[in-house]
Amino acid sequence: MPIRLHHLSDPVLRSLSSVTEDEEAVAFLLEAEVSRRLLLLRALLDAATETPHCDTAAVRVHWQLLEAAERAAPAAFRTVLLDPQVGVWSAALVRRLTRPDPRATPDEAPLGVELGFLGQLAAVVHVAAGADFAVRVPVREGRVFLPGLGRATVGGDPWGTARVWAQDGVVRVAAGGVTVTLPIDPEKDGPGWEGQRRLRAEHAGTTLDLALDDLGPYAPVSALPAAGRLSPARHAAWQRWFERMWPVMVDDRPAGARALAAGLRSIVPLPRGERLRARAASSSDAFGCVLLSEPDEDAEVLPAQVGVAVLHEFRHTLLNGVIFLTPLFEECGDLFHAPWRDDPRPLGGLVHGAYAFSGVVHYWRTRGLEGLAGFEFALWRSAVREVIGTLRGHPALTAPGRALIDALDEQTAGWQAEPVGAREQRLASLAAAHHRAAWRAHHMHPPTAYAAHLAHAWRAAERAGGRPDGTARPEAVLRAGAVPHPEAPACPEAPACPEALPRVEAAPRPEAVLRADPHACRLDTLALLARLRLIAPAEFRALRAADDPASGVPGALPADLALVDGDAVTAAKLYGEELRGPDARPAAWAGLGLALIECGEPAAGTALTDHPELAVAVSRALPVPPDPLALAHWLAH
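Fair warning: this is a prediction, and the values are worked out from it, not measured in the lab. (Residues numbered from 1 in each chain as written. Predicted model: local features only at pLDDT ≥ 70, side-chain atom pairs only at ≥ 80, totals over all residues. Heavy atoms only, no water.)

Draft legend 1. Layout of helix α11 (residues 347-365). Taking 1.5 Å per residue as the helical rise, α11 with its 19 residues ought to reach 27 Å, and the 27 Å between its terminal C-alpha atoms agrees with that figure. Taken across its 19 residues, α11 has 18 buried, putting it largely inside the fold. (Helix = DSSP H or I, 4+ residues; strand = E, 2+ residues; numbered from the N terminus. Expected span 1.5 Å × (residues − 1). Buried < 20%, exposed > 50% of the residue type's maximum accessible area, 1.4 Å probe, protein only.)

Shown next, in the form of structure tokens:
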């Protein structure tokens, strides 16, 4: 199969720079991915030939068999080549062969096992062609995986070899005296054989047909190990979920559904995650593969939850395909707030997020403007607009990258003015503001000297007028000589030695610096609770009445539930109690700020939502946690 030259034309780029998906553009990316996989195979062959630790003779035998298979069944060869398992294997092996020493580390399979996967590819193509053949392939921990067909268990030497052959239409795998015969329909299980099962759904003439990959040895995302072989009951459940998801996708986004059906290749099932925190992921090495945890079973939520997750990750796949053809951004060291992540993200992560979530917003927009759909639309439209504003004009974007962001900017600009229900808008605004402030509370830090002197100013205000209540303004304390200019040398004992500090005029607040907090986790708690309140009000009420709501929804505390429920007075009281304790969450300052705003104290609340890192720093610098309400008022002046 020849490697083609692919040119990303302006019309194709415009089709891909959209909040919807286009079938012809997906077909273009698939052809480019075929060429990329061929290049990987060639690079693998060249590297193996030049590596002293490789069995070059075995590699060449498998290569020749693969060439013969491609000549015999080019369409089958293309299908196997596009299997996501082949993409992950080939990319990882090329990277391994370029290491100074490609021999196995403790967590890797022997090099010969990985190189021998070429023979397994050749065997699968020959099976599809209905041709007789015979080949020796590696055994991986007692099993032989045939991509797209299934897995044979032969036992014996964990890293031995097996013979795979076909004669008169019957395919067998044998090793160590054990012979496994593939069923006539290889999707079915048989003695020693686990078939590669599929998920199928059809609606209004559009068919979805993809592999449920619970057998493949190559994890597309190493941090998310697959659930393993599913029971027949779990496979049937996945089939039901996709049958329920597909009509919604086709009815709401018919063109996008056709594009998704053309490009999606497999689903890797993950174990069920936390309530309303379904996990989904994709990999640039596995075009068309989505890793997805089992969804929540809420009848009215499940189809949209599955559909959004699949669509979101599919759009990541499309953008990865574009990036393989043309760079959209240059590498830079900047890190940013991404409204959908707990951690600071690089520029590329923002580009990916803007692209994926613009499709998500479009999906929810078609579902209505009230209830869960209205909330999700309002939440993610503001997130997309925030990130596009960050990206617009960034110097690290290339010309195609700027064109992509400009196109998304134009298509999403009008969404902000579209009305949604008042309840849905309040919850979305609350969740968005909380995430932004909680992110700052964790990751943004005022300069150390400034934080120390603010803490000393607070203590000086306490000495000057009892408990600070907002009447002793920090600027006034600065002018009184309690705190130096933030660039002045810090006094190691500043809180205890005011006489050592020079008397200077107040200076503008210095910029906070970003230092990623690895402990930032579940900053989406308010968004999750908002969803629960919308789709399962009885469950939400029970959670609010519980002594330990975090046992039901990890990360949720009573103050969060009260804030989402509109009980701002109780929320402020509970956040205050938490912040007086030794183990307060940094995000509690964000919650307190939002509660104060809803209680009619916008100045104090905004001080905490705009710069919660100041409250965190002052509180941590003091021997005893300050009164959080008084600190909020003090910081507001």
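The rest of the description comes next.
Draft legend 2. Fine view of the sheet that holds strand β10 (residues 266-270). Taken in spatial order, the 5 strands make up an open sheet running β8-β9-β10-β12-β11, and their pairing is mixed. Taken across any chain shown, the strands that pair with only one partner, and hence form the sheet edges, are β8 (198-203) and β11 (280-281). Pairing between strand β9 (residues 206-212) and β10: 2 bridges, direction parallel. Bridge pairing in β10 links Leu212 to Ile267. Along the sheet, helix α8 (residues 232-252) makes contact with β8, β9, β10 and β12 (289-293), crossing β8 at roughly 30 degrees. (Pairing = 2+ DSSP bridges. Contact = heavy atoms within 4.5 Å. Axes fitted to C-alpha atoms, helices over the stretch in contact; angles between N-to-C directions.)

Draft legend 3. Representation of the pattern of salt bridges. Counting across every chain of the model gives 47 salt bridges. For the salt bridge of Glu274 with Arg522, the shortest nitrogen-to-oxygen distance reads 2.5 Å. Taken together, the residues Glu274 in the loop between β10 and β11 and Arg522 in the loop between β16 (513-514) and α17 (525-535) connect sequence positions 248 residues apart. Look at Glu274 and you get partly exposed, because its relative accessible area is 26%. Note that Arg277 and Asp524 form a salt bridge whose closest N and O atoms lie 3.2 Å from each other. One end of the pair, Arg277, is in the loop between β10 and β11; the other, Asp524, is in the loop between β16 and α17, and 247 residues separate them in sequence. Taken together, the salt bridges that share partners define one network made up of Glu33, Arg36, Arg37, Arg95 and Asp285. (Salt bridge = Lys/Arg side-chain N within 4 Å of Asp/Glu carboxyl O.)

Draft legend 4. Geometry of the side chain of Thr525. Secondary-structure assignment places Thr525 in helix α17. Its relative accessible area of 3% is what places Thr525 among the buried residues. Separated by 3.4 Å, the side chains of Thr525 and Arg277 make a polar contact. Residues in contact with Thr525, not counting those within four places in the same chain, are Arg277, Gly555, Ala556 and Asp560. (Polar contact = N/O pair within 3.5 Å; in protein donor to acceptor, adjacent residues only side chain to side chain.)

Draft legend 5. Highlighting the packing of helix α2 (residues 23-50) against helix α4 (residues 74-81). Running from amino to carboxyl end, α2 crosses α4 at an angle of 85 degrees, the nearest separation of the two axes being 10 Å. With respect to each other, α2 and α4 are oriented roughly perpendicular. The residues of α4 that touch α2, namely those facing Leu30, Glu31, Val34, Arg37, Leu38 and Leu41, are Phe77, Arg78 and Leu81. Of the residues assigned to the contact of α2 with α4, the class counts are 6 nonpolar, no polar and 3 charged. (Parallel < 35°, antiparallel > 145°, perpendicular 65-115°, else oblique. Nonpolar A, V, L, I, M, F, W, Y, C, P; charged D, E, K, R; others polar.)

Draft legend 6. Representation of the pairing of β8. Sheet analysis places β8 next to β9, joined by 6 bridges and oriented antiparallel. Looking at the pairing, His203 lines up with Thr206 of β9. With antiparallel pairing between neighbouring strands as the criterion, β8 and β9 make up a hairpin whose turn holds 2 residues, including Ala204 at a positive phi of roughly 50 degrees.

Draft legend 7. Structural context of α8. When the terminal C-alpha atoms of α8 are compared, their 31 Å separation across 21 residues agrees well with the 30 Å that a helix rising 1.5 Å per residue should span. When we look at burial in α8, the residues that qualify are His235, Ala237, Trp238, Gln239, Trp241, Phe242, Met245, Trp246, Val248, Met249 and Val250.

Draft legend 8. Summary view of the nonpolar core. Counting residues in each nonpolar core, the largest one holds 198 residues, and the members touching the most others are Trp89, Ile267 and Trp364. Residue contributions to this core peak at 13 residues, all from α2. Aside from chain neighbours lying at most four places away, what touches Ile267 is Leu199, Leu210, Ala211, Leu212, Asp213, Trp238, Phe242, Val290, Leu292 and Val310. Grouped together as the second largest cluster of nonpolar side chains are 8 residues, Ala437, Trp439, Met444 and Ala512 included. (Core = buried A, V, L, I, M, F, W, Y, C linked by side-chain atoms within 4.5 Å.)

Draft legend 9. Quick look at the sheet that holds strand β3 (residues 150-153). The strand order across the open sheet built from 3 strands is β2-β3-β7, with neighbouring strands paired in antiparallel fashion. The open sheet has two edge strands, β2 (143-146) and β7 (193-195), and neither has a second partner. Direction aside, neighbouring strands of the sheet carry axes that sit 15 degrees apart on average. Inspection of the sheet shows β3 paired to β7 by 3 bridges, in the antiparallel sense. For Gly150, the partnering residue across the bridge sits in β7 and is Gly195.

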